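So the chains spell out like this:
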Amino acid sequence: MDLVRRVQAMQEMARQARGTGKKIAFVPTMGALHDGHLSLVRRARELGDVVVVSVFINPKQFGPAEDFARYPRDLARDADLCIQEGVDHLFAPEPDEMYPPGHRTFVDMEGLTTVLEGSARPGHFRGVLTVVMKLLHVVKPHFAFFGQKDAQQALIVRRMVKDLNLDAEVVVAPTVRHEDGLALSSRNAFLGPAERAAATVLSRALGRARQMVEREDVRSARAIEAAVREVLAAEPRARIDYVAVVDAETLEPREEITGETLIPLAVFLGGTRLIDNALVRPPAAPRPPAGDKA
Ligand code: AMP
């Protein structure tokens, strides 16, 4: 595996790989790699001939009061994990390399980026879209892998790729969880033992929502949201940032659960903000009994 620090060197490698007919599979990350990231790398190895992982903590997607400065960084460990997983190129540019002085061009999107995470973190998705766009131009992948853990991010990246006719296929992979249900996240490292134990409340709350929709056939979004909030409120260490019940494609609030529905939430545990979500759909309408042609 080689460690690439320069944009130009990465672009040259990508050009060569494309020139020899190789399929490039790309996993963008902010490092502090865990099994969630590695599940994307494994999918990338299945679909691509050349696997590129990027580790770049993108300053443009953090607000001024957010955790950019203390975000976990351990490039040596990330590199070891990438070697073990058979990654070909680890692209880890410094912020100045990605944003040289004078940089002033950004990618923006209407609507989808101003709700949920976008409303809680103004400017976040402008930073995400800009860096993903830049990375796609540098790495030139045939396939780019994103996690369902960041459902809104995956959705807006898909939208950008479509809207701007980018030549990459976006693959979204399921959320990897600990045995107790907590979604793997680099930010889990910030949790103290009591917060870590309390953090299972996110997946428990989402599990309750899934049960209501898929087993109890509850269709009222308001009832489902109330039940999720009730589970979260029972954990004194958890402070709700938002809970929503939205259309999985438009992110518009639902009143009734009719089709594929996203239930995203953001919760603070102490100073750590965690996000998770469930994608649910109502059980298929029961088939009419055999012989009943009505
Ligand atoms: P990050 O390093 O947090 O920016 O994440 C890089 C990519 O890994 C994003 O596409 C995330 O959605 C994905 N990811 C993060 N956590 C998980 C997880 N627990 N399961 C699956 N994918 C994940």
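Right above here is the structure, for reference.
Reading the values: rules and limits
Here the residue numbers are simple positions, counted from 1 along each chain's written sequence. For this predicted model, a pLDDT threshold of at least 70 governs which residues receive local features, and a threshold of 80 or more governs which side-chain atom pairs are given and counted, while totals over whole chains, interfaces and linings are taken from all residues. The basis for every side-chain value is the complete set of non-hydrogen atoms in the structure, without hydrogens or water. Here a helix means four or more residues in a row that DSSP labels H or I, a strand means two or more in a row labelled E, and each is numbered from the N terminus. The quantity called the radius of gyration is restricted to C-alpha atoms. Its globule counterpart is 2.2 Å times the number of residues to the power 0.38. Only protein chains enter the accessibility calculation, which uses a 1.4 Å probe. A residue is then buried if its area is under 20% of the maximum for its type, exposed if over 50%, and partly exposed in between. Any two residues having at least one pair of non-hydrogen atoms within 4.5 Å are treated as being in contact. The protein chains shown are the only cover counted for residues, whose accessible areas, like all others here, come from Shrake-Rupley with a 1.4 Å probe. Note that His is not counted, nor are the chain ends; the positive residues are Lys and Arg, and the negative ones are Asp and Glu. A charged residue contributes its charge at one atom only: NZ of Lys, CZ of Arg, CG of Asp or CD of Glu. By convention, a stacked pair of Phe, Tyr or Trp rings (six-membered ring in the case of Trp) has centres within 6.5 Å and planes under 30 degrees apart, an edge-to-face pair has planes over 60 apart, and any other such pair is tilted.

Side note on the overall build of the protein chain
(1) Moving on: Helix and strand content of the protein chain: 10 helices and 10 strands.
(2) Moving on: Rg of the C-alpha trace for the protein chain: 20 Å, near the compact-globule value of 19 Å for 294 residues, within the 12% margin.
(3) Moving on: The dimensions of the protein chain, computed from C-alpha atoms along their principal axes, are 60 × 50 × 35 Å.
(4) Moving on: Relative to its full complement of 294 residues, the protein chain shows a buried share of 52%.
(5) Moving on: A separation of at least 24 residues holds for 71% of the contacts in the protein chain among residues at least 6 apart in sequence.
(6) Moving on: Here the protein chain displays about 14,700 Å² of accessible surface, and carbon together with sulfur accounts for 50% of that area.
(7) Moving on: Counting 39 positive and 40 negative side-chain charges, the protein chain places the averaged centre of each group 1 Å from the other.

Some words on unusual backbone geometry
(1) Moving on: At Ala32, a position not held by glycine, the phi torsion is positive, near 50°.
(2) Moving on: Secondary-structure assignment places Ala32 in the loop between β2 (24–29) and α2 (35–47).
(3) Moving on: The class of Ala32 is buried, set by a relative accessible area of 16%.
(4) Moving on: Even without being a glycine, Asp217 presents a positive backbone phi close to 55°.

Points about the packing of aromatic side chains
The relative placement of two aromatic rings is captured by the distance of their centres and the angle of their planes.
(1) Moving on: Applying the stated criterion across every chain, the model contains 3 aromatic pairs.
(2) Moving on: Judged by centre distance (5.3 Å) and plane angle (65°), the rings of Phe62 and Phe68 are edge-to-face.
(3) Moving on: Of the residues examined, Phe62 reaches a relative accessible area of 10% and is grouped as buried.
(4) Moving on: Classification of Phe68 by relative accessible area gives partly exposed; the value is 26%.
(5) Moving on: Put simply, the rings of Phe62, Phe68 and Tyr71 pair up and form one aromatic cluster.

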